[in-house]
Amino acid sequence: MNCLSLLFGIFIERSLMMDILTRFANALPGNISQGLIWGVMAIGVFITYKILDFADLTVDGSFVTGGAVLAMLIRAGVPLPVAMLCSFLAGCLAGLVTGLLNTLLGIPGILAGILTQISLYSVNYAIMGMSNQVAVSVDQFPLFIASRRIAVSNGFPTVAWELAKIFLIVGAIIAALYWFFGTEQGFTIRATGSNPNMARAQSINTKKSTVIALILSNGLVGLSGGLLAQYSGNIDVNTGRGAIVIGLAAVIIGDVLGSAIMRGHFNFVARLAFTALGGIIYFVVLSVVMLTGVPGSFNKLFSAVIVAIFLAVPYIKSSIKTSFRRAARNSEKQTLSDSKKKGAEGDADVD
Amino acid sequence: MLTLTDVRKTFNPGTINEKHALNSVSLDLDDGDFVTIIGGNGAGKSTTLNAVAGVWPIDSGSIIINGQNVVGLPEHKRAGFIGRVFQDPMTGTAATMEIQENLALAKRRGQARTLKWGITKKEREEYHELLKTLDLGLEDRMTSKVGLLSGGQRQALTLLMATLKKPDILLLDEHTAALDPKTAAKVLELSDKIIEENHLTAMMVTHNMAAAIKHGNRLVMMNNGVIIYDVKGEEKKHLTVDMLLEKFEEASGSKLENDRMLLSKADAERS
């Protein structure tokens, strides 16, 4: 019923429409910060999926690992910067495991990721003291970000400052990655992802660069999990379920949008920035869908549909340009006009 | 410079697909030798090159490059002193990276990769001059992705990359086979020029008998994983395609039944 009310909003009460708009506006800062936090995770996915050409499913596990490590350390009184660094390192460790499974034991990439992800589910339980949820309340601990502080009721300056802090983190990560992938080491990862045969012929140890990329990627995923734990004030062992799909959604939304807008100038920094933007767009659109009254549990279906749509766009676009159906139509047209021409010539001959 | 002694390799041992690819291959190349390798399908030409490059470990024998036995080194370690160009133009370059980035990767072949910039301003100028020598207009497209280049352009670039850091051995594995005749001739000419100018030791696999005679100072013919004919110097200069065919029958005891090689014979006769 609510769904219909949005679609036909103009025909129903103005006040209801205003209500939905206000709710949307109120939720916007929160959606943006959530989008950016997941954007950090998506940038991690970008490194494996786009640069290394490795579909890494470790992230569903390493995301929670990062969050769990942060929550437990904060609760143990460890200073926040150290705890955040540790959430990064915990993710790195998860990436290392997947990397070694793949390069040392020859387990195919996707399966190696799944194995690590599944084992992390147990590991995460253990980190969280055998409970499925750990709270880190902003009332008790000095957190870097918290959803409570981003509530619109706190006034514009507070909200703006909180958002700026997350933007700063994302900016710093993009700058660091821009530097790293411009170095000789970074080049080896790009070459490995682009053409492993060529990389080896240029004396690059492709196994080593695969492992480094997985470590870096999952480190960012862990950091992102740590940020989300602070933002939502708790970490649940199930938070990571389907995280890879959200990450992929952000990567793909950013890629499709970025290449449409930037065209020839879609450089590395822009690609990372658009990946983070993809995260924001994902959460904003998700909130719009949720405002129509769709139950929250449908968010996974939503993310799958989004990824499917954006993955299909480039394919459909190209098949519109060249398809068998189109070829048949063109061919038919041509035969028709040819035979007409012939007919006309034939008439002329008779004359 | 390069000495192969009794190199053997069997693929899929103990299975129905068992294939004795190399049966005791021995070859001794002097510094500056440019040897062309011919032979029918499955003769072991490319396998010999892959054994030298270290694509997989050999079963027995030794491969000595510049005094060092390299059989224990994996592919990426041997790449430090071996330059390679492959049959498929897609294999030798990274398509999603820029022309200048590909060159920068090649420039660091054999070196430890650090956290210094992957390409410097000075290098860009150097590559610009270097690409000019190819005469393909690539010097004006240095920031283009290599994926946008034609097969011939990619092979020319790969040649440049393989020799940017002077290799002890240059391996050319049918590197013109996927190109049209005109481009193939151009890339061959370029190979000759680069090998001569840098005084490189090179091995070139080819199906084209006329090209095998024309290029290099030495010619090796393989059959069933062994070298059946090895000729150099004056004797090689006076070879003809017919003589090669004769040699093949004499050494292998069978007629040459390889369409591609026979086609290249027909080509040679026409021209």
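Residues numbered from 1 in each chain as written. Chains lettered and ligands numbered in written order. Predicted model: local features only at pLDDT ≥ 70, side-chain atom pairs only at ≥ 80, totals over all residues. Heavy atoms only, no water.

Draft legend 1. Focus on the sheet that holds strand β9 (residues 218–223) of chain B. All names here are of chain B. Ordered by their spatial adjacency, six strands build an open sheet running β6-β7-β8-β3-β9-β10, and the pairing between neighbours is mixed. Pairing within the sheet leaves two strands with one partner each, and these edge strands are β6 (82–85) and β10 (226–232). Neighbour-to-neighbour, the strand axes of this sheet turn through a mean angle of 20°, independent of strand direction. Across six bridges, β9 lies against β10 in antiparallel orientation. Each bridged residue has a counterpart across the sheet, and for Val 220 the counterpart in β10 is Asp 230. (Pairing = 2+ DSSP bridges. Helix = DSSP H or I, 4+ residues; strand = E, 2+ residues; numbered from the N terminus. Axes fitted to C-alpha atoms, helices over the stretch in contact; angles between N-to-C directions.)

Draft legend 2. Quick peek at the sheet that holds strand β4 (residues 60–65) of chain B. All names here are of chain B. Taken together, the four strands give an open sheet; going across it, the order is β2-β1-β4-β5, and neighbouring strands pair in antiparallel fashion. Edge positions in the sheet fall to β2 (19–29) and β5 (68–69), since each has one partner strand and no second. Packing against the sheet, helix α1 (residues 45–53) makes contact with β1 (2–11), β2 and β4, and its axis sits at approximately 70° to β2. (Contact = heavy atoms within 4.5 Å.)

Draft legend 3. Inspection of the packing of aromatic side chains at higher detail. Residues and elements named next belong to chain A. With the rule as written, the count across this model stands at 11 aromatic pairs over all chains. When the ring of Tyr 121 is compared with that of Tyr 125, the centres are 5.7 Å apart and the planes differ by 75°; the resulting orientation is edge-to-face. Residue Tyr 121 and its partner Tyr 125 are located together in helix α5 (residues 109–127), separated by four residues, close to a single helical turn. When its relative accessible area of 26% is taken as the criterion, Tyr 125 is described as partly exposed. Between Tyr 282 and Phe 283 the ring centres are 5.1 Å apart and the planes differ by 80°, which places this aromatic pair in the edge-to-face class. As far as the burial class goes, Tyr 282 and Phe 283 line up, both buried. Three or more aromatic residues joined by ring pairs form one cluster here, namely Trp 38, Phe 63, Tyr 282, Phe 283 and Phe 302. It is Lys 165 that lies over the ring of Phe 144; its NZ or CZ is 5.1 Å from the centre. Looking at Arg 190, its charged tip hangs above the ring of Phe 187, at a distance of 5.3 Å from the centre. (Phe/Tyr/Trp six-rings, centres within 6.5 Å; stacked < 30°, edge-to-face > 60°. Buried < 20%, exposed > 50% of the residue type's maximum accessible area, 1.4 Å probe, protein only. Lys NZ or Arg CZ within 6 Å of the ring centre and 35° of its normal.)

Draft legend 4. Structural detail: the domain arrangement of chain A. Residues and elements named next belong to chain A. Each assigned domain of chain A is listed with its residue range as follows: domain 1 (41–241) and domain 2 (245–261 + 274–339). The gap between the C-alpha centroids of domain 1 and domain 2 is 27 Å. Contacts between the two partners involve 10 residues from domain 1, matched on the other side by 10 residues from domain 2. With both sides pooled, the region where domain 1 packs onto domain 2 buries about 780 Å², and carbon together with sulfur makes up 77% of that total. Contact with domain 2 buries area across many residues of domain 1, yet Ala 42, Tyr 49 and Lys 50 alone supply 45% of it, more than any other trio. (Domains from an automatic or database assignment. Buried area = accessible area lost by both parts, 1.4 Å probe.)

Draft legend 5. Representation of the interface of chain A and chain B. Taken residue by residue, the interface counts 20 residues in chain A and 33 residues in chain B. Buried surface at the junction of chain A and chain B, summed over both partners, amounts to about 2,300 Å²; 60% is from carbon and sulfur atoms. The largest contributions to the chain A side of the interface with chain B come from Glu184(A), Phe187(A) and Gln202(A), which together make up 29% of the buried area. Across the chain A-chain B interface, the total number found is three salt bridges. For Arg200(A), the salt bridge identified is with Glu75(B), shortest N-O distance 3.1 Å. Applying the counting criterion to the chain A and chain B interface returns 16 residue pairs in polar contact (both at pLDDT 80 or more). Counting residues per element, the ones that place at least two in the side of chain A that touches chain B are α6 (156–180), α7 (184–194) and α8 (196–201) of chain A. The biggest single contributor to the side of chain A that touches chain B is α7(A), with seven residues. (Salt bridge = Lys/Arg side-chain N within 4 Å of Asp/Glu carboxyl O. Polar contact = N/O pair within 3.5 Å; in protein donor to acceptor, adjacent residues only side chain to side chain.)

Draft legend 6. Seen up close, the nonpolar core. Ile43(A), Leu177(A) and Tyr282(A) are the most contacted members of the largest nonpolar core, which has 73 residues in total. Put simply, the parts of the chain that give this core at least two residues each are α2 (14–52), α3 (59–75), α4 (80–103), α6, α9 (206–232), α10 (243–262), α11 (268–291) and α12 (299–321) of chain A. No other element matches α2(A), which puts 13 residues into this core. The residues touching Ile43(A), leaving out its near neighbours within four places in the chain, are Val170(A), Ile173(A), Ile174(A), Leu177(A), Leu220(A), Leu272(A), Thr275(A) and Ala276(A). The next biggest cluster of nonpolar side chains, apart from the first, holds 42 residues, and it includes Met198(A), Ala106(B), Ile119(B) and Met204(B). (Core = buried A, V, L, I, M, F, W, Y, C linked by side-chain atoms within 4.5 Å.)

Draft legend 7. Focus on the domain arrangement of chain B. All names here are of chain B. Domain parsing of chain B yields domain 1 (2–93 + 167–270) and domain 2 (95–148). Counting residues at the interface gives 10 residues for domain 1 and eight residues for domain 2. In total, domain 1 and domain 2 occlude about 550 Å² of area from one another, counting both sides; carbon and sulfur atoms represent 54% of this. When the area that domain 1 buries against domain 2 is broken down by residue, the three leading residues are Gly 80, Thr 93 and Leu 190, summing to 57%. Counting across the interface, domain 1 meets domain 2 through zero salt bridges. At the junction of domain 1 with domain 2, the criterion picks out two residue pairs in polar contact (both at pLDDT 80 or more). When contributions to the side of domain 1 that touches domain 2 are tallied by element, the ones reaching two or more residues are β6 and α6 (181–197).

Draft legend 8. Up close: the side chain of Lys165(A). Residue and element names in this part refer to chain A. Residue position: Lys 165 is located in helix α6. Within the structure, Lys 165 has its side chain in polar contact with the backbone oxygen of Phe 144 (distance 2.8 Å). Excluding anything up to four places from it in sequence, Lys 165 contacts Phe 144 and Arg 149.

Draft legend 9. How the structure looks around the layout of surface pockets. In this structure, the largest pocket spans a volume of roughly 1,100 Å³. Taken together, 29 residues form the lining of the largest pocket, with Arg190(A), Phe268(A), Glu98(B), Glu101(B) and Lys145(B) sitting closest to its centre. Put simply, the parts of the chain that give the lining of the largest pocket at least two residues each are α2, α7 and α11 of chain A together with α3 (99–107) of chain B. Among the elements that line the lining of the largest pocket, the one with the most residues is α7(A), at four residues. (1 Å grid on protein atoms, 1.4 Å probe; cavity = no way out; pocket = protein on both sides within 12 Å on 5 of 7 lines; lining within 4 Å. Points joined across faces, edges and corners; volume = space filled by probe spheres on them.)

Draft legend 10. Spatial organisation of unusual backbone geometry. The backbone phi angle of Met130(A) is positive, close to 60°, even though this residue is not glycine. Relative to the assigned elements, Met130(A) resides in the loop between α5 and β1 (133–135). Its identity as a non-glycine residue notwithstanding, Asn66(B) has a phi of 55°, on the positive side. Position of Asn66(B) relative to the elements: it lies in the loop between β4 and β5.

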